[in-house]
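Observations on chain architecture
These are the residues of each chain, in order.
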Amino acid sequence: MSEDRSIGSLAEPTAAPKTFLQKLLDGVETVGNKVPHPAVIFFILAGIIILLSHVLYLLGTTVSYEVVNPQTHKVEAATATVNSLLSGDGIRFMLTSMVRNFTNFGPVGIILVVMIGVGLAEQAGLMTALIKKIVQVTPRKAVTWILVTVGVLASIAADAGYLVLIPLGAAAFLGLGRHPLAGLAAAFAGVAAVFGVNLLIVPIDPVLTEITNDAIHLLNPTLSIDLAANFYFGVGSSLVLIVVCALVTERVVEPRLGEYRGEIPAESVEGVSPEEARGLRLALYALVASVAVIALLTFPSGAPLRDPDTGAIVGNSPFMSSLIVQIMLVFLAIGAAYGIGAGTITSMVDGINGVTKTFASLSPLIFLLFVISQFLAYFTYSNIATIVAVNMGDALEHANLGTIPLMLGFITITGLVGLLIVGVIPKWALLAPIFVPLFMKLGVVPEAVLAAYRVADSPPNVVTPLMPYFALIVTFAQRYDKNAGVGTVIAMMLPYGVAVSVVWILLFLVWELLGLPFGPG
């Protein structure tokens, strides 16, 4: 009998003991998920900002600095004083700007416009069929690398990666029998943690370059850098960080999540049905036709999507300004084509119902974005973030450190500021006039300073709830785990943020110490 009991005990599966890192991340998730609903969190934060702004206002907190105007590209002297939200002006601002704060909040319009097309495609069944096809033709392990790579490349399409690739990554992992939140995390890491670099020149590059040149001209009006000043560093960083994010997914995040036991079953890995195959074929034809139409509207001389004055395609051009609308129209075309081919859309009413069903599912997110938009507007109005950033920069400038420690300090401060100011352009407009001339005086080329800024800017995106799309990521996670919250996402993404930051800083230091060119020329 004792032998039988011994055999039985050996046959029972035993859970592998958790590592210290897994226990630490479990603790982060537990603590994070004990906080109130995200909307309540931002209500509380708004209240703190209101009270803090009045205290700092009474103390007369102010700071003077120089800033690059992103519209005029001129360096302007500025003085930031804390504005009280409890003063007469502050109360009027809160009451009169509430609607404007919400309607001008970038993610709101982007999400609603893109989801017209994505919602139709999803409700028609295109996403499900596409996932089945991906499962059929892609090796299990390759999906992680593909997701991260496409995520890194997604910055060329502005914010579309958040809306399209991240839910697609979760669904792809689910279809492969892997934990969908690991797919979500891999895609989110590629889109957000590596946002500052790419294998290509992306829309933010011209703006960052111009801001850098304006800061350079404070010290040397004859010196400028060009659009490709960080191209070599960007390509090298992208390749290294793709490896980092993929390894973190497979070695840290997915093992911690374990086997998925959620309520949504994995999609069948059997072949697509004849109807689905026909729908996918028509969707491919629609995609090719859509791309051809956009190309005709963009590439010929004098095309409507070129800048009417300069003829430029990249930068402040109709092509880039209409990118979100183009993505929506492409998804409308391929979603409708799939639905007609697969028989899931038989009339205009079916298509409209698909879009409205998607919009109905967004209502909790829309309310949360309303609350977030008010908090961010109050935070911006108060000037607290600007004063914190300038004071941290001044402290570093006068710290009398060597060049390398100063560069590390710059990266650290930019990362900390990035937890409060998440926009890559306004943050650089604030920091460039402080640090570009400072480092030039120390013999550091402006290309290196801009590269250091890229290193520091992106990793905080995946762990700060102030990032405009963070609430959307939580919503995506809740599709697969109804108990998921802010803590769940932070615990998942913290390993990416730390790993990307450490490896990227080391890569930058090696690049700088070896004197490698950051770009051509």
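Everything numeric in this text was worked out from a predicted model, so none of it was measured.

1. What to know about the overall build of the chain
Across its full length, the chain holds 23 helices and two strands. Relative to the globule expectation of 24 Å for 521 residues, the C-alpha radius of gyration of the chain, 25 Å, shows essentially globular dimensions. Across the 521 residues of the chain, 50% fall into the buried class. Nonlocal contacts in the chain, meaning residues at least 24 apart in sequence, comprise 80% of its contacts between residues at least 6 apart. Summed over its atoms, the accessible surface of the chain is roughly 23,500 Å², and 67% of this surface lies on carbon and sulfur atoms.

2. Observations concerning helix H17 (residues 363-382)
In a regular helix each residue adds 1.5 Å, so 20 residues correspond to 28 Å; H17 covers 29 Å between its end C-alpha atoms and thus fits that length. Immediately downstream of H17, the backbone of Asn 383 shows phi near 70°, a positive value.

3. Observations concerning the pattern of salt bridges
Scanning the model with the defined rule gives nine salt bridges in all. The partner of Arg 92 in a salt bridge is Asp 89, and the shortest N-O contact between them spans 2.5 Å. Here Arg 92 pairs with Asp 89, and both are found in helix H4 (residues 88-96), just three residues apart, close to one helical turn. A salt bridge links Glu 254 to Arg 178, with the shortest nitrogen-to-oxygen separation between them at 2.7 Å. Residue Glu 254 is found in helix H12 (residues 231-257), and its partner Arg 178 is found in the loop between helix H9 (160-175) and helix H10 (180-193); the two are separated by 76 residues along the sequence. Because the salt bridges share partners, they merge into one network encompassing Asp 26, Glu 29 and Arg 256.

4. A closer look at the packing of aromatic side chains
Applying the stated criterion across every chain yields a total of 17 aromatic pairs. Here Phe 410 and Phe 435 contribute two aromatic rings whose centre-to-centre distance is 4.6 Å and whose plane-to-plane angle is 50°, an arrangement assigned as tilted. With Phe 410 in helix H19 (residues 403-418) and Phe 435 in helix H20 (residues 424-441), this pair connects stretches of sequence that are 25 residues apart. Taking the relative accessible area as the measure of exposure, Phe 410 reaches 0% and is therefore buried. Members of the aromatic cluster, each reached through a chain of ring pairs, are Phe 233, Phe 508, Trp 511 and Phe 518. Taking NZ or CZ as reference, Arg 178 lies 4.0 Å from the ring centre of Phe 173, over its face.

5. Let's talk about the side chain of Arg 256
Looking at where Arg 256 falls in the secondary structure, it is placed in helix H12. If we ignore the near neighbours within four places in the chain, the residues touching Arg 256 are Gln 22, Leu 25, Asp 26, Glu 29, Ala 491 and Met 492.

6. Remarks on the packing of helix H11 (residues 204-216) against helix H21 (residues 446-457)
Where H11 contacts H21, the two axes come as close as 11 Å, and the packing angle between them is 130°. Judged on the interaxial angle alone, H21 and H11 are oblique. Where H11 crosses over H21, the two elements pack in a sense that is right-handed. Contacts between H11 and H21 involve Asp 205, Leu 208, Thr 212 and Ile 216 from the first element and Pro 446, Leu 450, Tyr 453 and Arg 454 from the second. Per-class residue counts for the contact of H11 with H21 are five nonpolar, one polar and two charged.

7. Some points on the nonpolar core
In terms of nonpolar packing, the biggest core is built from 168 residues, with Phe 188, Trp 428, Met 493 and Phe 508 touching the most fellow members. Here the element with the most residues in this core is helix H23 (residues 486-514); it accounts for 13 residues.

8. Re the confidence of the model for the chain
On average, residues of the chain score 86 in pLDDT, and 94% of them are at 70 or above. For the chain, the element scoring lowest by mean pLDDT is helix H1 (residues 2-11), at 42; H4 scores highest, at 97. When the criterion is pLDDT under 50, residues 1-13 qualifies, and its contacts beyond four places in sequence or with other chains add up to zero contacts.

9. Observations concerning the side chain of Thr 209
Considering the arrangement of structural elements, one finds Thr 209 in helix H11. Given a relative accessible area of 5%, Thr 209 falls into the buried group. Of note is the side chain of Thr 209, whose polar atom sits 2.7 Å from the backbone oxygen of Asp 205. Contacts of Thr 209, omitting those with residues within four sequence positions, involve Ile 225, Asp 226 and Leu 227.

10. So, a nonpolar patch on the surface
Where nonpolar side chains cluster on the molecular surface, the patch consists of Leu 282, Leu 284, Tyr 285, Leu 287, Val 288, Val 291 and Ile 340 and spans about 660 Å² of accessible area. Tracing the sequence through the fold places Ile 340 in helix H15 (residues 323-342). Take Ile 340: its relative accessible area is 58%, and that puts it in the exposed class.

11. Description of the environment of Gly 175
As for its placement among the helices and strands, Gly 175 is situated in helix H9. Exposure remark for Gly 175: the relative accessible area of 2% places this residue in the buried category. As for Gly 175 and Leu 112, which are separated by 63 residues in sequence, their C-alpha atoms are 27 Å apart.

12. Concerning H4
Turning to H4, its buried residues are Gly 90, Phe 93 and Met 94. Seen from one end, H4 has its buried residues packed into an arc of 95°, which puts them on one side. The outward face of H4, more than 90 degrees from its buried face, is lined by the exposed residues Arg 92, Leu 95 and Thr 96. Next to the buried residues of H4 lie helix H3 (38-58), helix H5 (98-103) and H17.

The rules behind each value
Residues numbered from 1 in each chain as written. Predicted model: local features only at pLDDT ≥ 70, side-chain atom pairs only at ≥ 80, totals over all residues. Heavy atoms only, no water. Helix = DSSP H or I, 4+ residues; strand = E, 2+ residues; numbered from the N terminus. Rg over C-alpha atoms; globule rule 2.2 N^0.38 Å. Buried < 20%, exposed > 50% of the residue type's maximum accessible area, 1.4 Å probe, protein only. Contact = heavy atoms within 4.5 Å. Areas by Shrake-Rupley, 256 points an atom, 1.4 Å probe, with all protein chains shown as cover. Expected span 1.5 Å × (residues − 1). Salt bridge = Lys/Arg side-chain N within 4 Å of Asp/Glu carboxyl O. Phe/Tyr/Trp six-rings, centres within 6.5 Å; stacked < 30°, edge-to-face > 60°. Lys NZ or Arg CZ within 6 Å of the ring centre and 35° of its normal. Axes fitted to C-alpha atoms, helices over the stretch in contact; angles between N-to-C directions. Parallel < 35°, antiparallel > 145°, perpendicular 65-115°, else oblique. Left-handed = near helix turned anticlockwise from the far one by under 90°. Nonpolar A, V, L, I, M, F, W, Y, C, P; charged D, E, K, R; others polar. Core = buried A, V, L, I, M, F, W, Y, C linked by side-chain atoms within 4.5 Å. pLDDT = per-residue confidence, 0-100. Polar contact = N/O pair within 3.5 Å; in protein donor to acceptor, adjacent residues only side chain to side chain. Patch = residues over 30% accessible without salt bridge, like charges linked within 9 Å, V, L, I, M, F, W, Y side chains within 5 Å. Arc of directions from axis to C-beta.

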